[in-house]
Structures are given as structure tokens and as C-alpha cells.
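For reference, the chains in residue letters:
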Amino acid sequence: MALLVALFAAACGEDKDDQSSGSSENAAAGGKDCGKVVLNEQAWAGSTANTYIAKAVLEDNLGCEVEITKIAEIPVFQAMADGKVDAVLEDWQHVDEYKKYIDGAGTVVQGGPLGVEGHIGWFIPKYLMDENPEFKSWEGLKGKEDLFKTPESGDQGMFLGGDPSYVQKDKELIEALGLNFKHVTAGAEPAQVARWSQLYKQKKPVIFYWYTPQYLNQEYDLAEVQLPPRTDANQDCKDDSKSGGDPEQYKCEYDVTVINKLFSKKFADSKSPAYDMLSKFELTNEDQEQVAKAIAGDKVDPEKAGQDWVEENQDKVDAWLN
Amino acid sequence: MQVGGIVLLMLLGYLLVDGDYSWPVSLTWQELPAKLDDAQTWLLEQRTAPDPNFFFAILDGFRALADWLVTALTDMLLWLTWVGTIAAGTLLVLRFGGWRAALITFLAFVSFAVMGLWEESMQTLALMSAAVLLSLAIGIPFGVLAGRSQRFHRTITPVLDAMQIVPAFAYLMPVVILFSVGPAAAVICTMIYAVPPAVRITALGIRGVTADSVEAARAFGSTAAQTLFKVQLPLARRQLLLSVNQTIMFALSLVVIAGLIGGRGLGDVVTNGLYSNAALAILAGIAIVIMAIALDRATSAIAERTDPTRRHLTDRGKRHARVLTLATFAGILATVFAARALGADSVYPDEFETSTTVYTATIHDDLLRWIQDALDYVQDPTSFIFGITEPLGNFILENLLEPLRKLLVDSPWFVVLGGLTAIAFVLSGLRPAITTLLMLTAIGVMGVWPEAMDTASQVLVATAIAVLFGIVIGVWAAESPRVERLLRPLLDTLQTLPQLVYIIPFIYLMPVSRIPGIVASVLYAIPVVIRLVTNGVRGVPPAAVEAAYAFGASRMQVLAKVKVPLARESIMLGVNQGIILVLAVVVIGGLVGSGALGDMIARGLQRNEFGEGVVASLAILALGIALDRVTRGRRDPSRA
């Protein structure tokens, strides 16, 4: 701890920042400059990871008081607009909300990319891919849907849908691709994981909505089914079927999701050192998965997992603080 | 009998009528969700406008009040320090509720500390206290009015019914829109559920004051206000305290739901633990049960001990009591200041430090490890228990749920509509039948007929299972006091344990998405069914039983031919209450894959599909009222 403060003071000292917030001693010791910062942790382990990394840096290096809320992905936009939450560090492109709160009301502002890139797709266990190499592409599934039959799906194959709160279009995709799957919702992510991981352990066939980065990808050997690629011809292809309409407009793979940081307008205008740090805050997929696995897989206390990462990656942390 | 005939006709209709008779598009109000979305946007603009109009100013004022109350109570509990809080709770209960209740209170506080959930428990306690205080502030005046005016009572009863029938999950959306997220929203959700029992029991208490006492007061020239404050309220004191007790219990059952919309504390740990750490969610659930048991015992003990109709104190006794009260408060203050002076933390610490070593102060990690081991066992698809539960889940799905869902969803809509209305007419009479018809039509018009029928199939299957087991166990408990004694703590636990907690193991044990929700709703509804059946069978007049024995009937014959038929009304009430309770939980099942209306609400809440979410909420309300009327029977409607 003392070492961290010293390091930070040194780093700042060299840089001679011209901010009126005063000397580096002052910033390092905390004081009134930072005050309270409210971060929202989203419901998945990756978000817990980046939120607690940020918390460790804000508290230990800038002396902020950090409060963590856990509001669901969409209501949190309203919470930011009301100034109850200062920042969301991992937002998966909620385009509709961007229109409403960022472009429209202007109560929320973009905070730039987190550096983590999200990817959504259809996944199957690796052993299943080895037995049926044709599943590499969605066309290989045609006529083979029976393999995925469960009591729940009747005479169709079962497609296990994602958490209802996540970005998705699988019902429409199944229809547009003419596959004989029944879209079964398992509900919240842990329930969905329980379903497919049990089938995985029984070495049974299963196909489901999944994504990266996700720490469970280190635990289970999964393979991805290639959906119709994005080309110039289907540029307008959409990823979120929330607005409904013709299934054909969703007939393509999910785009790579640039994950964004979002700030409340109030926080962005506050000139808080916390805002400067969070603007520069950046992680790689590996950083995030490593900490997420420590928290959700090895049950390390999030607080400690965040601090551990900060200690090991001081160079990255320094870059955010300058 | 007639019901069987109607069901048979419905089956015939399903089998014979060919072609697609799903709810016609021409009878659907398709713009409804879009209109509701517009309404949401408008509401948000109004609420966040720089100078809100009167209505929104009042809402905002209430929100600020609730927020302030929760914060103030939390700060107070933290200021007391953990030592002071334990002392205050225990000594107060000791003074007013007796040593048994005080001991339970003390153990409860100790368990929060040892479980490593002190701060969360205090947040929940503060949130609950705020909700209960505000509920009573509204509930008791309304209850007094309802107790004094029959007309007011009649007007308010349907509103109270609706408040209790709608599953809390359904009104989360509107509350978030009107009050944003945070403690205030959580308090308001809790109040919607906790105000009705406060009103009802207060009204019951006021009406229970004998006419003689009121007459006597009038005869001595008391004004109406004097009669109320000097006679009716003091004499109804026991009921008032009972209403406090019930309000607390109802409020606690919503703590977890409140966690979904930014209420802090144990509920938050449960809902978020579901994602990141299921063992922690279960541990927090256990803490909620402990809190419920302690609060229940403490408040009912206080209600017993301070009942003025039972205690006639002499002047000396009164003086003695006053001295004791003073001593209690002095003791609390002394402890608090001593604790603060000695530097006790505001929350119970994770570890104690002495000059040489650091002791771990909680068994938090051990508990989590044990729970995790148990969860790992149930997650293992090769385990013995999974070999039983998985086929059982599949059996319920393939042989009960799916056929019933097909019957309700695929039948021509007019067959289902007509059939349910006819059953309502046969069982409950004309007015309930008309209500049923209207409610079902509303569901169709809102465009969610198939989803509502899917949900209805889950509700009916769960209710059937709950009623079947409920009757068997209930009759057994009525026959054997020992069984009843053994059951009591178990039933108490089932009623207070948050549903999400016992859904967790079943997600693993019965990996069929609709089944965990059904099991959870059966577990939630069965205590009430068992209690009603037990009371009903006990209530059979002894003369009838004597007569049957005199005619040489065996014990089984007496049960089957006399007791159960005579307890029919109670059993019917059990079915009716069972359905309502099941509906509340099946909807929560949307979070673990029950699909249908619950899924629509979950999506509406989490993805801001406001219109659809509200439509689903309204459909659940309509379905709840319809199913209530179908099974209400011809009992006296004024009965609570």
C-alpha cells in the first residue's frame, strides 16, 4: 500500500500535471479532490472483475470512496441519467438506449472503449464438433436437429437461449435459417450454464447461445458454429431483435461488440480525478478473464482479486493515472 | 361432478374442433405495447422535468422521504456499533417480550455476525423497518376507518385483494418508472404488499371491540375521538400489534424482490449471488429466515405480554414497570457509549487483531465452503439424487405440463373461455363467472393469450401437486398433534425462505426449464394449504365424528366419509389460496426459464421493453383474478 502511494506520487511528480487539483501529494493522499464514485457492476463475472480493478485503483491511488451498485443493464441508464450511478465500465452496445440517453437527453456520455471485445455466437461442446465436423458451419446442422432433442423441446431440437437480459436474436435466426430448433429459455445466465454444463458433463449434445470473454471458456472446451458471415451484401444486418420485425434482417453472425464505458453527464462534468482515470481505464480480454476466473471460479474475494491484479500490472495502472 | 362434465366437454372441443382457432388478431389491441412505451417516455420526461407538476412533486417528495428514512435508519444502526445494536435489540425485547424472545433475538444477531453478513443484515433491517413504519402509517388509519365504516370497508376490500394478488414481480416496472431505482423503490414495492394485512387486521381489531364498551363510553359522554383513542384503540391493541407482526412478515418476504431494483442488503446478495456465487445467495437466504423467525417471535411475544386485557397492573406494578423501562434504556445507552469509547466497529469485523495474532471472527468462509460442496454434489449429473430428480422432472413435464399446456394453448380459444367461465359459474356463482369471462377476454385483447395459457398450465399443475400433498399432510397433521408440532418449524421456514433460494438447487436437480419454478411454487404454497386443511379437519363438529364411530365406522372411514367431506369448504379455500400463491412464484420462475408471462416481465424489466412488460403484468393480474374467481366457491366474500 505504502509502496503504491509512493509509486504513484513518483509517477505524478515526473509528469508535472498542470491540473489545479494541486500537488501529487495531495491527490495521492485523497482529500476532497475525488470524493465518492458510484460504479455499477453488471450481473456477470467479467463485469465484477473490471469494476473491482477500477475500485482498487480509485481507492488506493486516488483516495476516492467507491460505492458499487448492482442495477440491471437497462435500468442503469436511468440511474445514470438521475445521477445515481457515475459509471458503467462494461456496456454491450445498447444502441436503443444510446439513442435515448446519449444522443437524445444527453444525460449519459460515451466513455470510450473498455478495450475488451465481445463476441456472441452459437456454441457446442468440442467433443460434439469432433464427432460431427460438419457442425463447423450452420448448414451442417440442417437435418441433424434431432440430435439435440430433449423432453423440453418435443420433436424438435433444443436450442438453449441466452439470459433474457442479453443482446440476442436467436429465435429470429433459427426461423430465418429454416432450422428445426425450438428456442428454449433457461432464464438467467447461471441457470443456462447449469443446463448446458450438465449436458456437457454427460457428454450429450447441446447447442447454446454463448459469448467471449467468459471465464468458463477456460474450464469447458467449446467450439463455435459459424453463422452466415457479414459481408458487404448484408451490411444492415441487425444483432438485437428487441425491436422485432422480419426475421430476415437478422440473418447473419453477431458482429464483434466493442464494449464501451459510459459515464453520467454529471460525473463527466465534475472534473474529478476519478473521471480522468476511468477515461483512460483499459483492459484486454485476457486481463478480464484472468480476474473473472479468480473471482467466480476460484472464489477469491473480488476486492482482493482486483488488488492482486493491480499489484501485478503496475505498468498498466500507471498509464491510466497520467 | 358438473365440473368433470365441463372438463370433458373442453377435451372434446380440443379433439374435435379442427383448424387454427388461436385468439383472432381482429380482437387484439395491437398498439397497446407501443402506447405503453410512449406513456413511459412521457412519465420519465415528467418525472425528470426541472419543475414537475403537483402529482410528480408528491411522488418525488415521497421518494425523498423513503430514501431519507432508510439512510437515517441505516446510519443509526451503524452509529450504535455492532455491540450496541445487539444490546439494544436484546434488551428491548427482554423488557417487553420476555426472556425467551430475547434469547432468540440475541442468537439471531450473533448469527448475522458469525455468518459474516452483519452489514447486509443491518441494511435489510433498516429497509424493512422503513417499509413497515410507512406501511403502518398508512395501514392503521385506513384500518381504523374500515373498522368504523362498513361502506368504506366494502369499497377498499377489492383494492386490497388486487394489491395482494398481483405478484410483486409484476409491479416492479411501474415502480421503477415512477420512483427510479434505489431504496425508495424497494420500500414502495414492499408497501404495496405489506399495507393490506395492516389495514385488514386493524379493521378486524377495531370491530372486535365489544359494542358494550363503545356504548358505555358513549353513555358517559365521550366524543367520537375520545371513544376511538381511549376505548377502541387500547382494547384493540393486541390486534394492532398482531398487524405489526404480520406487516413485518409480509415485508420480509419481499426483501429479495427489492434486491432486483436497488434495495441493498441481504436481498441484493441473494439476487446477485444467483449470478456470481450461488452459495453466498443461499447463505444470505438463511440469514433472511433467521431474521424472520426472530422478528416473528419477538413481536408476537411483545403483543402477548403487553396486552392490557390480560394484564391488570396495580399502581405499584406500574411504577415497577416504569423503572424497568428506564433501566432498559439506561442499559442500552451505557452499552452504546461504552462500545464507542472502547472503539467497537460500526459493523461486526471479519477479524480481530491482538498484538500478536489475527483471529478470524466469522465462519463465513467455512459456511460458504460447505454450501458449495452441497451444490457441487447436486450439480454432478452422475450423483445418486440426480438419477431420481431428473427423470421425475421429465415425467412431470411430459405427462402433466405439456398435455395441459397443449390443451389450453391449442384448444380453440372460445372453448377455453367458455369452459373456465362455466366452471366459475358452477363452483362460485354468476358474478364470479362474469368476472372470469371479462378477465380472460382482457387477456386475449392484450394479445398475450398463448403466453397466459402457458402460465396457467404451470399454475394448475403446481396447484394440483400442492393441493394433493397438502391434503394428505394436512389431514395427517390434524390427526396427530405430534406431526403438526414437527411440521411447524419446517412450514415456517418454507414460508419465509426467499423462493429464489430454493429454486437454486432445483435448477441443477431438475434441469428442465419450467420445472424448478413449479417445484419452488409448490414449496411456497404447500404450508398454507396444509394449515387450512388441518384447521378444516379439526373444525369438524365432534358430534358428527362421535356419531360415525357409534355406527361402527373405522378410523379411515371416518376420515374419508365424514371429516374430509365436512372440511370441504376449508379444502376449497386451500385450493383457492394455493393458486394465488403459486401464481406469484411461477412468475418469478421467469428468471430461471419458466418462459411465458414471467419471461416477458423479466425481459421487460431488464431490457426496457416496458410496454410488453406492463402488458404481461396486467395479464398476470387478470389471470390471478380469473383463477381466484373460478375457485373461490360460494364462501362469504367478506371473509379475509
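The notes below deal with the structure included here.

Rules of the game
Residues numbered from 1 in each chain as written. Chains lettered and ligands numbered in written order. Predicted model: local features only at pLDDT ≥ 70, side-chain atom pairs only at ≥ 80, totals over all residues. Heavy atoms only, no water. Disulfide = S-S within 2.5 Å. Helix = DSSP H or I, 4+ residues; strand = E, 2+ residues; numbered from the N terminus. Buried < 20%, exposed > 50% of the residue type's maximum accessible area, 1.4 Å probe, protein only. Polar contact = N/O pair within 3.5 Å; in protein donor to acceptor, adjacent residues only side chain to side chain. Axes fitted to C-alpha atoms, helices over the stretch in contact; angles between N-to-C directions. Parallel < 35°, antiparallel > 145°, perpendicular 65-115°, else oblique. Left-handed = near helix turned anticlockwise from the far one by under 90°. Contact = heavy atoms within 4.5 Å. Nonpolar A, V, L, I, M, F, W, Y, C, P; charged D, E, K, R; others polar. Salt bridge = Lys/Arg side-chain N within 4 Å of Asp/Glu carboxyl O. Expected span 1.5 Å × (residues − 1). Phe/Tyr/Trp six-rings, centres within 6.5 Å; stacked < 30°, edge-to-face > 60°. Core = buried A, V, L, I, M, F, W, Y, C linked by side-chain atoms within 4.5 Å. Patch = residues over 30% accessible without salt bridge, like charges linked within 9 Å, V, L, I, M, F, W, Y side chains within 5 Å. Areas by Shrake-Rupley, 256 points an atom, 1.4 Å probe, with all protein chains shown as cover. Lys, Arg positive; Asp, Glu negative; His and termini not counted. Charge placed at Lys NZ, Arg CZ, Asp CG, Glu CD. Buried area = accessible area lost by both parts, 1.4 Å probe.

## Remarks on the state of the cysteines
Residues and elements named next belong to chain A.
At step 1: Evaluated as defined, the whole model comprises 2 disulfides over all chains.
At step 2: Disulfide pairing places C34 opposite C64 at an S-S distance of 1.9 Å. Here C34 and C64 share a disulfide; its torsion about the S-S bond, 100 degrees, makes the bridge right-handed. In this pair, C34 sits in the loop between α2 (24-29) and β1 (36-40) while C64 sits in the loop between α3 (45-62) and β2 (65-69), placing the two residues 30 residues apart along the sequence.
At step 3: Assessed through its relative accessible area of 6%, C64 is described here as buried.
At step 4: Bridging C237 to C252, the disulfide has an S-S length of 1.9 Å. As the torsion about the S-S bond is roughly -95 degrees, the C237-C252 disulfide counts as left-handed. Of this pair, C237 sits in the loop between β8 (222-225) and β9 (257-264) while C252 is found in the loop between β8 and β9, placing the two residues 15 residues apart along the sequence. Of the two residues, C237 and C252, both sit in the buried class.
At step 5: Numbered by position along the chain, the disulfide-linked cysteines of chain A connect as 1-2, 3-4.

## Examining the side chain of D163 of chain A
At step 1: Within the secondary structure layout, D163 of chain A lies in the loop between β5 (157-161) and α7 (170-177).
At step 2: Among the polar contacts listed, one links the side chain of D163 of chain A to the backbone nitrogen of E189 of chain A, at a separation of 2.7 Å.

## Focus: the packing of α3 of chain A against helix α10 (residues 273-280) of chain A
Residue and element names in this part refer to chain A.
At step 1: Across the interface, α3 lies against α10 with an axial gap of 11 Å and an inter-helix angle of 140 degrees. It follows that α3 is oblique to α10 by the angle criterion. α3 and α10 meet at a crossing whose hand is right-handed. On the side of α3, the interface is formed by A54, V57, L58 and L62, while α10 contributes P273, A274, M277 and L278.
At step 2: Residues of the contact of α3 with α10, tallied by class, amount to 8 nonpolar, no polar and no charged.

## Points about the packing of helix α20 (residues 430-445) of chain B against helix α21 (residues 449-479) of chain B
Packed helices, taken two at a time, are described by the angle their axes make and the gap between the axes.
Residues and elements named next belong to chain B.
At step 1: Packing of α20 against α21 leaves a shortest axis separation of 7 Å and a crossing angle of 130 degrees. Classified by the angle between their axes, α20 and α21 sit oblique to one another. The residues of α21 that touch α20, namely those facing L440, I443 and G444, are W449, A452 and M453.
At step 2: Grouping the amino acids of the contact of α20 with α21 by side-chain chemistry returns 5 nonpolar, 1 polar and no charged.

## With respect to the pattern of salt bridges
At step 1: Under the defined criterion, the tally for this structure stands at 21 salt bridges over all chains.
At step 2: In this structure, E59 of chain A engages K55 of chain A in a salt bridge whose closest nitrogen and oxygen atoms are separated by 3.5 Å. Of this pair, E59 of chain A and K55 of chain A both sit in helix α3, 4 residues apart, roughly one helical turn.
At step 3: For the salt bridge of K563 of chain B with E479 of chain B, the shortest nitrogen-to-oxygen distance reads 2.6 Å.

## Side note on helix α11 (residues 224-235) of chain B
Residues and elements named next belong to chain B.
At step 1: Helix length check: α11 (12 residues) gives 15 Å between terminal C-alpha atoms against 16 Å at 1.5 Å per residue, within 8%.
At step 2: All of the buried residues in α11 are T227, L228, V231, Q232 and L233.
At step 3: Where the residues of α11 are buried, they touch α6 (118-148), α9 (183-208), α10 (211-219) and α12 (237-252).

## Some details on the packing of aromatic side chains
Residues and elements named next belong to chain A.
At step 1: Within this structure, the stated rule accounts for 27 aromatic pairs over all chains.
At step 2: On the basis of an interplanar angle of 10 degrees and a centroid distance of 4.5 Å, the ring pair of W196 and F208 is categorised as stacked. Of the two residues, W196 sits in helix α8 (residues 189-201) while F208 sits in strand β7 (residues 207-212), which places them 12 residues apart along the sequence. The two residues W196 and F208 agree in class, both being buried.
At step 3: Three or more aromatic residues joined by ring pairs form one cluster here, namely W44, W92, Y127, Y166, W196, Y200, F208, W210, Y211 and Y220.

## Quick word on the nonpolar core
At step 1: W118, V187, L375 and W449 of chain B are the most contacted members of the largest nonpolar core, which totals 185 residues.
At step 2: For this core, the leading source of residues is helix α15 (residues 278-305) of chain B, giving 13 residues.
At step 3: Leaving out residues up to four positions away in the same chain, W449 of chain B has contacts with W23, L408, W413, V416, L417, L440, I443 and G444 of chain B.
At step 4: Formed by 83 residues, the second largest nonpolar core is a distinct cluster that contains Y127, L177, A223 and L321 of chain A.

## Focus: a negative patch on the surface
At step 1: On the surface, a cluster of negative charge is made up of D301 of chain A together with D350, E351, E353 and D365 of chain B.
At step 2: Within the secondary structure, E351 of chain B sits in strand β1 (residues 351-353).
At step 3: For E351 of chain B, a relative accessible area of 45% puts it in the partly exposed group.

## Quick word on the interface of chain B and chain A
At step 1: Taken residue by residue, the interface counts 42 residues in chain B and 39 residues in chain A.
At step 2: Across the interface of chain B and chain A, roughly 3,700 Å² is buried in total on both sides, 50% from carbon and sulfur atoms.
At step 3: Across the chain B-chain A interface, the total number found is 1 salt bridge.
At step 4: Across the pair E152 of chain A and R514 of chain B runs a salt bridge whose closest N-O atoms are separated by 3.7 Å.
At step 5: At the boundary of chain B with chain A, the tally comes to 0 residue pairs in polar contact (both at pLDDT 80 or more).
At step 6: Along the lines of polarity and charge, the residues of the side of chain B that touches chain A split into 15 nonpolar, 15 polar and 12 charged.

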